[in-house]
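Analysis of the macromolecular model
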Amino acid sequence: MSVSKYVLGATLLHFFRWLFLFFILSTVGAVLLYRWLPVPLTPLMVIRCVQQVGDGEPIRLRHHWVPLADMSKYLPVAVIASEDQNFMHHHGFDFKAVRQAYMEHLEGGRRRGGSTISQQTAKNVFLWPKSTWVRKGFEAYFTVLIELLWSKERIMEVYLNSIEMGDGIYGAEAVAQLHFGCPAGELTRAQCALVAATLPNPRMYNSAAPSRYMMKRQRQIMREMKHIPLFRPGE
């Protein structure tokens, strides 16, 4: 090997080592910051705003952070019943739910993903929405980080404040104010189940004007909620 090739190889190795170190420190640092600080903006919010501007539409972005303690006690129960019934017991990944979702799909049942609330939170806060193997790899990495560095209460708080809940609507407070005319803390059990029923596709399903399918899902979720204990922050 010539001296120039050796020097080039050593330089590239040095560069990638520093790049890897920067990635680890910056991502761990961001996760640690959001352990305490509210998440002001997510990549999806930015993408939606850019799309609106590109389509010549006014920007629609309703988002107001509220602590988990200021939300209805039924809302975490509703999303756990709808999205991730093993949330309190897994460590970020629910492989049993993935298998079950796959079998239901093969049998022609309701199509649903196997992503946990932790995975959805990692994707919503740190990544882009389009599903690729690269994104799924980063999603798994961030899921491990938030499960290690955040409590389950914090994961739920960030999830309920950041998730898309309608066209230009993000988080529990925004959807409560716009669709039900009340703060998130005053949402009823039935309203929380209705909000949870929109989460597979909140731009298609509207909790302010529920379809027959959504009302059916609401009833299913409310039945499941009976088997899930109230989610009490700090306990």
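Located above this text is the structure these notes cover.
1. Quick word on the side chain of Thr 42
As for its position among the elements, Thr 42 is in the loop between helix 1 (3-33) and helix 2 (43-54). Judged by relative accessible area, which is 3%, Thr 42 ranks as buried. When residues no more than four places from it in sequence are discounted, the contact partners of Thr 42 are Asn 124, Val 125 and Ser 162.

2. Details of the packing of helix 3 (residues 74-83) against helix 10 (residues 212-225)
When two helices pack together, their arrangement is given by the angle between the helix axes and the distance between those axes. One way to put it is that helix 3 packs onto helix 10 with a least axis distance of 9 Å and a crossing angle of 105°. Between helix 3 and helix 10, the angle falls in the class roughly perpendicular. Between helix 3 and helix 10, the contacting residues are Tyr 74, Val 77, Ala 78, Ala 81 and Ser 82 on the first element and Arg 217, Ile 221, Glu 224 and Met 225 on the second. Split by residue class, the contact of helix 3 with helix 10 holds 6 nonpolar, 1 polar and 2 charged.

3. Topic: helix 8 (residues 172-180)
Looking only at helix 8, the buried set comprises Ala 172, Glu 173, Ala 174, Val 175 and Ala 176. Residues of helix 8 that are buried in the fold lie against strand 1 (62-63), helix 3, helix 7 (152-162), strand 2 (164-166), strand 3 (169-170) and helix 9 (189-198). Gly 181 lies just past helix 8 and shows a positive phi near 65°.

4. Focus: the packing of helix 5 (residues 117-126) against helix 7
Running from N to C, helix 5 and helix 7 point in directions that differ by 55°, and their axes come no closer than 9 Å. Relative to helix 7, helix 5 is oriented oblique. Handedness of the crossing formed by helix 5 with helix 7: left-handed. Contacts between helix 5 and helix 7 involve Ile 117, Ser 118, Gln 120, Thr 121 and Val 125 on the former and, on the latter, Lys 152, Ile 155, Met 156, Val 158, Tyr 159 and Ser 162.

5. Brief notes about the pattern of salt bridges
One pass over the full model with this rule turns up 7 salt bridges. Across the salt bridge formed by Arg 60 and Asp 167, the nearest N and O atoms sit 3.3 Å from each other. Of the two residues, Arg 60 is situated in the loop between helix 2 and strand 1 and Asp 167 in the loop between strand 2 and strand 3; the sequence distance between them amounts to 107 residues. The partly exposed category is assigned to Arg 60, whose relative accessible area is 27%. Among the ionic pairs, Lys 152 bridges to Glu 147, the shortest N-O distance being 2.9 Å.

What counts as what
- Residues numbered from 1 in each chain as written.
- Predicted model: local features only at pLDDT ≥ 70, side-chain atom pairs only at ≥ 80, totals over all residues.
- Heavy atoms only, no water.
- Helix = DSSP H or I, 4+ residues; strand = E, 2+ residues; numbered from the N terminus.
- Buried < 20%, exposed > 50% of the residue type's maximum accessible area, 1.4 Å probe, protein only.
- Contact = heavy atoms within 4.5 Å.
- Axes fitted to C-alpha atoms, helices over the stretch in contact; angles between N-to-C directions.
- Parallel < 35°, antiparallel > 145°, perpendicular 65-115°, else oblique.
- Nonpolar A, V, L, I, M, F, W, Y, C, P; charged D, E, K, R; others polar.
- Left-handed = near helix turned anticlockwise from the far one by under 90°.
- Salt bridge = Lys/Arg side-chain N within 4 Å of Asp/Glu carboxyl O.

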